[in-house]
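Analysis of the macromolecular model
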Amino acid sequence: MLFSLLCLSCAYLSQVKTDPSMDMPLRVGFIGAGNMAYGIAKGILSGKLKPSIGTQTYIVFIHVFHFSYLVFVAVKPHLVPEILREISQLVTQKHIIVSVAAGVTLATLELLLPKDSVILRLMPNLPCLLLEGALLFSRGSSAKPEDAALLSSLLQHCGLVEEGPEAWIDVHTGLSGSGVAFVYLFAEALAEGAVKMGMPSSLAHSIAAQTIVGAGKLLRDTGKHPAQLRSDVCTPGGTTIYGLHALEQGGLRAATMSAVESATERARELGQKSAGAGNSN
Ligand SMILES: NC(=O)c1ccc[n+]([C@@H]2O[C@H](COP(=O)([O-])OP(=O)(O)OC[C@H]3O[C@@H](n4cnc5c(N)ncnc54)[C@H](OP(=O)(O)O)[C@@H]3O)[C@@H](O)[C@H]2O)c1
């Protein structure tokens, strides 16, 4: 039965040590080798501790589970129930399963895998691909603090990695998963404002992108509250306060809060549907 899965893509990174004090090498596998798996693997490989024998690709699940101790499930959410049923017999209590599938809850994952499986639910975002991700994860009922510490250590080069209760995962999806698109919309609008005022489009888009990168780095690296940084650039009677007034009149703040709220609610709704799908079989 497993060999009927030969056409599927599973990447396997062998012998990645995350902690120099560990006696045993940590072997990490992936089921699904798309964008997210690539971003996470890149983060793991960019750590100081390099894989000792490089990477290999296996195309049958049995190899992934035989050789790997920590396995990322990085396929599209609708495939998760089918795949977890397929791998269920291979999962032992020595494995750590990390699902990145959006909307697939820990309850669904636990229902589909053997009792007491060690499961973590991780929600990355697209900038993971550039090691600038924002990642939030939650522990399943059998995952211990040391499993969480291991995952945090493994992913430390992927960006910001935090642990929280599962209820925050949907909020994180609204804030950061979808939030990336909200920032792109703002970038587009910034550039179009400049085009309206006579700047060539390509230059306007380059400057808008760099403005967002610079503002983001200042926000993250100074640790200042955004209101403080905003006030720092507002000369009384100057250009910025005039522009900010226009944004407030246009309802940018309320619209952005509503966008995070809507995206969070949609993530919750999708999670409930996926729980239904997990239960229905
Ligand atoms: N992209 C994001 O920004 C983002 C953010 C947060 C969470 N996520 C989650 O990350 C997961 C992966 O997303 P992605 O963007 O990386 O998707 P993706 O680029 O489409 O990658 C999915 C991978 O799964 C493989 N696959 C398909 N069917 C399979 C099967 N039956 N068995 C094994 N592998 C199979 C695909 O192989 P083929 O290409 O050969 O079909 C592909 O390598 C999703 O659950 C998504 O919800 C993504």
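Reading the values: rules and limits
Residues numbered from 1 in each chain as written. Predicted model: local features only at pLDDT ≥ 70, side-chain atom pairs only at ≥ 80, totals over all residues. Heavy atoms only, no water. UniProt positions renumbered as here; feature names shortened; annotations may be inferred. Helix = DSSP H or I, 4+ residues; strand = E, 2+ residues; numbered from the N terminus. Buried < 20%, exposed > 50% of the residue type's maximum accessible area, 1.4 Å probe, protein only. Contact = heavy atoms within 4.5 Å. 1 Å grid on protein atoms, 1.4 Å probe; cavity = no way out; pocket = protein on both sides within 12 Å on 5 of 7 lines; lining within 4 Å. Points joined across faces, edges and corners; volume = space filled by probe spheres on them. Phe/Tyr/Trp six-rings, centres within 6.5 Å; stacked < 30°, edge-to-face > 60°. Salt bridge = Lys/Arg side-chain N within 4 Å of Asp/Glu carboxyl O. Axes fitted to C-alpha atoms, helices over the stretch in contact; angles between N-to-C directions. Parallel < 35°, antiparallel > 145°, perpendicular 65-115°, else oblique. Left-handed = near helix turned anticlockwise from the far one by under 90°. Nonpolar A, V, L, I, M, F, W, Y, C, P; charged D, E, K, R; others polar. Core = buried A, V, L, I, M, F, W, Y, C linked by side-chain atoms within 4.5 Å.

You'll find the protein entered in an unreviewed UniProt entry as Pyrroline-5-carboxylate reductase, with Gadus morhua given as the organism. Quoted verbatim from the Sequence similarities (unreviewed entry) field of UniProt, the annotation for the protein is "Belongs to the pyrroline-5-carboxylate reductase family." Reading the Subunit (unreviewed entry) entry of the UniProt record for the protein gives the comment "Homodecamer; composed of 5 homodimers."

Helices and strands together make up the secondary structure of the protein, namely 11 helices and eight strands. Counting over 281 residues, the protein shows a buried share of 39%. At a minimum sequence separation of 6, the contacts of the protein that also span at least 24 residues come to 67%.

Here we take up the layout of surface pockets. Considered as a void within the structure, the second largest pocket measures approximately 550 Å³ in volume. In terms of lining residues, the second largest pocket is bounded by 20 residues, among which N35, M36, K76, P77 and V100 are the most central. Looking at the lining of the second largest pocket, the elements that each hand over two or more residues are α1 (35-45) and α6 (167-177). When residues of the lining of the second largest pocket are assigned to their parent elements, the largest contribution, three residues, is made by α1.

For the rest of this paragraph, the subject is the packing of aromatic side chains. Evaluated as defined, the whole model comprises one aromatic pair. With a centroid separation of 5.0 Å and an interplanar angle of 15°, the aromatic rings of F30 and F72 are classed as stacked. Taken together, the residues F30 in strand β2 (residues 26-31) and F72 in strand β4 (residues 70-73) connect sequence positions 42 residues apart. F72 shares its class with F30; the two are buried.

For the rest of this paragraph, the subject is unusual backbone geometry. Within the chain, D116 stands out as a residue other than glycine whose phi angle is a positive 70°. By the element assignment, D116 lies in the loop between α4 (106-112) and β6 (118-123). Unlike most non-glycine residues, L131 shows phi in positive territory, near 60°. Tracing the backbone through its elements, the reader meets L131 in the loop between β6 and β7 (133-139).

The next subject is the pattern of salt bridges. Enumeration according to the criterion identifies nine salt bridges in this entry. Where E248 meets R253, a salt bridge forms, and the shortest distance between an N and an O atom there is 2.8 Å. Given the relative accessible area of 42%, E248 is considered partly exposed. Note on R253: relative accessible area 46%, which makes it partly exposed. Overlapping salt bridges bring together R121, E166 and D170 as one network.

So, on to the UniProt feature "transmembrane region" (unreviewed entry) in the protein. The UniProt record annotates "transmembrane region" (unreviewed entry) at residues 57-75 and 95-113. Taken end to end, residues 95-113 is 37% helix and 21% strand, and its first and last C-alpha atoms sit 11 Å apart.

Where helix α7 (residues 179-196) meets helix α8 (residues 201-222), the closest approach of the two axes is 8 Å, and the angle between their N-to-C directions is 135°. As judged from the angle between their axes, α7 and α8 are oblique. Here α7 runs over α8; the crossing is right-handed. Of the residues in α8, those in contact with V183, F186, A187, E188, L190, A191, A194 and V195 of α7 are S201, A204, H205, A208 and I212. Partitioned by chemical class, the residues of the contact of α7 with α8 number 10 nonpolar, two polar and one charged.

What follows deals with the packing of α6 against α7. Between α6 and α7, the shortest axis-to-axis distance is 4 Å and the interhelical angle comes to 25°. By the angle between their directions, the pair α6 and α7 is classed as roughly parallel. On α7, the residues that touch T173, G174, L175, S176 and G177 of α6 are G179, V180 and F182.

Moving on, we get to the nonpolar core. Counting 28 residues, the largest nonpolar core has L70, F72, L122 and L155 as its most contacted members. Every element with two or more residues in this core is listed here: β2, α1, β4, β5 (96-99), β6, β7 and α5 (145-154). Take this core: its biggest share by element is five residues, from α1. Apart from the residues within four sequence positions on either side, L122 is in contact with I40, F72, V98, S99, V100, L135, L136, F137 and L155.

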